[in-house]
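# Coordinates in review
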Amino acid sequence: MVKKKPHSENADGGTLHSADDAGKVAPVDFIRRIVIEDLAVGKNDGRVHTRWPPEPNGYIHIGHAKTVLLNCWIAQEFGGKFNLRFDDTNPEKESVEYVESIIEDVRWLGIDWEDRLFYASDYFEQLYQWAEELIRSGDAYICDLSPEEISERRGKAIREGDMVITPPGKESPHRDRSVEENLDLFRRMRAGEFPDGARTLRAKIDMTHPNLNMRDPVMYRILRTTHHRTGGEWSIYPTYDWTHGQSDSIEGITHSICTLEFENHRPLYDWYLDRLGIHHPQQIELARLNLSYTVLSKRKLLQLVEKGCVGNWNDPRMPTIAGLRRRGYTPEAIRDFVGRIGVTKAESTVDIALLEHCLRQDLNRSAPRVMGVLDPLKVVITNYPEGRTEELDAINNPEDERAGTRQVPFSDVLYIEREDFCEDPPKRFYRLSPGREVRLRYAYFITCTDVIKDSTGKIIELRCTYDEATRGGDSPDGRKVKATLHWVSAAHAIDAAVRLYDRLFTQENPLDVAEGGDWLDSLNPNSLQTLTNCKLEPSLGGAKPGEIYQFERKGYFCVDPDSKDGQPVFNRTVTLRDTWAKIKQKHEKR
RNA sequence: UAGGGCGUAGCCAAGCGGUAAGGCAGCGGCCUUUGGAGCCGUGAUCGGAGGUUCGAAUCCUCCCGCCCUAACCA
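So, here is what we can say about the structure in this document.

On to the sheet that holds strand 26 (residues 484–485). Strand order in the open sheet formed by 7 strands is 26-23-24-25-19-22-27, with mixed pairing between adjacent strands. The sheet is open, and its two borders are formed by strand 26 and strand 27 (487–489), each paired with just one other strand. In the sheet, strand 19 (residues 376–381) pairs with strand 22 (residues 413–417) via 5 bridges, with the strands oriented antiparallel. Residue L377 lies in a different strand from strand 22, and its bridge partner there is I416.

Here it is in structure tokens:
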């Protein structure tokens, strides 16, 4: 029996529901439904034990976040356990760098595996013993065929005109070796007597099976490579199929959740466990996450890194957890996102706008507000006493009273955003323009009196007057202004570099390429724009890497680790919703 | 082609025979010392065709489309 009863039958319809953090009632997905039903019939003695099995062959991305979190949450919700296990059976592609990054990223997502961090390589000896067992029972044999020959005989697809034919498989000529010979050869494979690829251990199943995975799959290959954990101990390595189910079994996993592409492997997963007669977890497959305007495949992400399209795995444009973190994404936002996208078997591509929505929602309530001018335009307040400075009160976070207030210095020379001024304003532009009055946030109403240009006609300075009576930003006479601008006092400003990031691809589905094209063709050439002359309010002087601020009216910005003392570098995490940009865009299209 | 899956609004996704939840995006409006946030309003007959039924997105049949596998990768 389960102590807690987080899921219950709905009184009116029999629909299963679960309560989330906010106490709202959320429908239960098909996986949780299976778990609930298993619990109801007393399967696994009422235990729920999940695991997440990454291969350490790259950095994990937001798609992985979906499956780790799902596994972790299911364990939590049903009072079960969750393991983190590295599926490290291919030493050629794996490394400790990847192991370490994955551990860091999974932990950052807020996942706790307690003391259950495992490696498939922990089970190599047991796996080997089980392999000998299958040899003895006549269920496995040593095959001397080359990869090409094996593929050929397994029933490689053949093209006949427009038709693709999958012929039945042909048995290996080595299929009927004696147990003794098989055992001898297998031991010599282990001892390193044969060159890489010379032989394999294969399961003896059925070469005519309609599921190609059941046509005598390879269990072991000779690979005399150093493994990041077992070093030179092994000359043979088990394949994924031979490793995965048994690793689950050893750990007492009850529900082995994986992505759809492994659905075809399930019969084999079951076959091995049944032959061995050991604890048999249930494999359940769900659709992997796809996100618009990006790619979620370690292989593709590796290419972006290797070809120099991005700085590294943790480039803020990457959908990797490390990249998102550096960009300024929070674990909360990612968890919220994962909780919203659902769990199904339907192939889907989630709009990246939903991820950004989750981010904004989290940052809106947590990020302190500051003022920063990205593209400064000098403003001189002609009627403000030269050399005078006053401190004005500013609210740190209107969404959170506890965040308090701070003081911002004001003086006669300021910077405002260049795009907040327009000499000849179009219809719905209601920021500053000649003769017009606007509010400087938390400061005064100002009116533009003069526009000063250089010899090329470029505006280099504005002259304005201020209304002393509007200190703090309200006019005693009740007159209104249509716009409020952010600003920074020139004498007090600190200089900063700001990196403006945009989506990495211009195409909604980068993998949808035209004939003769390449998926890299839709890389966004403007995915990174660096500004070096930004002016920030002085309170940002001590900002530390990783901190996230809202630059009022501009967006959220995260301090990059590249920052040096007195030379902060900010990454734009995401812009604020910008209705003016939409209006402008519509006008320009006309 | 074989085998395995999937198909509910632009994008996710509830629904499990009783007459289409919710979120994101979009659009319109209210409010506003961030054109931010917030608030209100706004869209579908369920891939198609038949059938069963008083009644079907939900059951049956056929058809169509998309995805996966055809690695000594995972």
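What follows continues from the structure just given.
Turning our eyes to something else, we now look at the sheet that holds strand 5 (residues 81–86). Each strand in a sheet pairs with another by means of backbone hydrogen bonds, the pair being arranged parallel or else antiparallel. One open sheet holds the 3 strands; their spatial order is 4-5-6, and the pairing between them is parallel. Two strands lie at the open edges of the sheet, namely strand 4 (49–52) and strand 6 (117–119), each paired on one side alone. The sheet shows a mean angle of 35 degrees between the axes of neighbouring strands, direction not considered. Here helix 2 (residues 62–77) sits on the sheet in contact with strand 4 and strand 5, set at roughly 160 degrees to strand 4.

A word on unusual backbone geometry. For D45, which is not glycine, the phi dihedral falls at a positive 55 degrees. Along the chain, D45 falls in the loop between helix 1 (30–40) and strand 4. Classification of D45 as exposed rests on a relative accessible area of 74%. For D216, which is not glycine, the phi dihedral falls at a positive 45 degrees. Its location among the elements puts D216 in the loop between strand 10 (200–203) and strand 11 (218–222). The buried category is assigned to D216, whose relative accessible area is 0%.

At a minimum axis separation of 10 Å, helix 2 and helix 11 (residues 331–341) run at an interaxial angle of 80 degrees. Relative to helix 11, the element helix 2 lies roughly perpendicular. Side by side, helix 2 and helix 11 meet where I62, A65, K66, L69 and W73 of the first sit next to I334, R335, F337, V338, G339 and I341 of the second. Here the contact of helix 2 with helix 11 is composed, by residue class, of 8 nonpolar, 1 polar and 2 charged.

This part is about the packing of helix 1 against helix 2. One can describe the packing of helix 1 onto helix 2 by two numbers: an axis separation of 11 Å at closest approach and a directional angle of 30 degrees. Judged by the twist between their axes, the crossing of helix 1 over helix 2 is right-handed. On the side of helix 1, the interface is formed by I31, R32 and V35, while helix 2 contributes L70, W73, I74 and E77. Taken together, the residues of the contact of helix 1 with helix 2 sort by class into 5 nonpolar, no polar and 2 charged.

Quick notes on the rules
- Residues numbered from 1 in each chain as written.
- Chains lettered and ligands numbered in written order.
- Predicted model: local features only at pLDDT ≥ 70, side-chain atom pairs only at ≥ 80, totals over all residues.
- Heavy atoms only, no water.
- Pairing = 2+ DSSP bridges.
- Helix = DSSP H or I, 4+ residues; strand = E, 2+ residues; numbered from the N terminus.
- Axes fitted to C-alpha atoms, helices over the stretch in contact; angles between N-to-C directions.
- Contact = heavy atoms within 4.5 Å.
- Buried < 20%, exposed > 50% of the residue type's maximum accessible area, 1.4 Å probe, protein only.
- Parallel < 35°, antiparallel > 145°, perpendicular 65-115°, else oblique.
- Nonpolar A, V, L, I, M, F, W, Y, C, P; charged D, E, K, R; others polar.
- Left-handed = near helix turned anticlockwise from the far one by under 90°.

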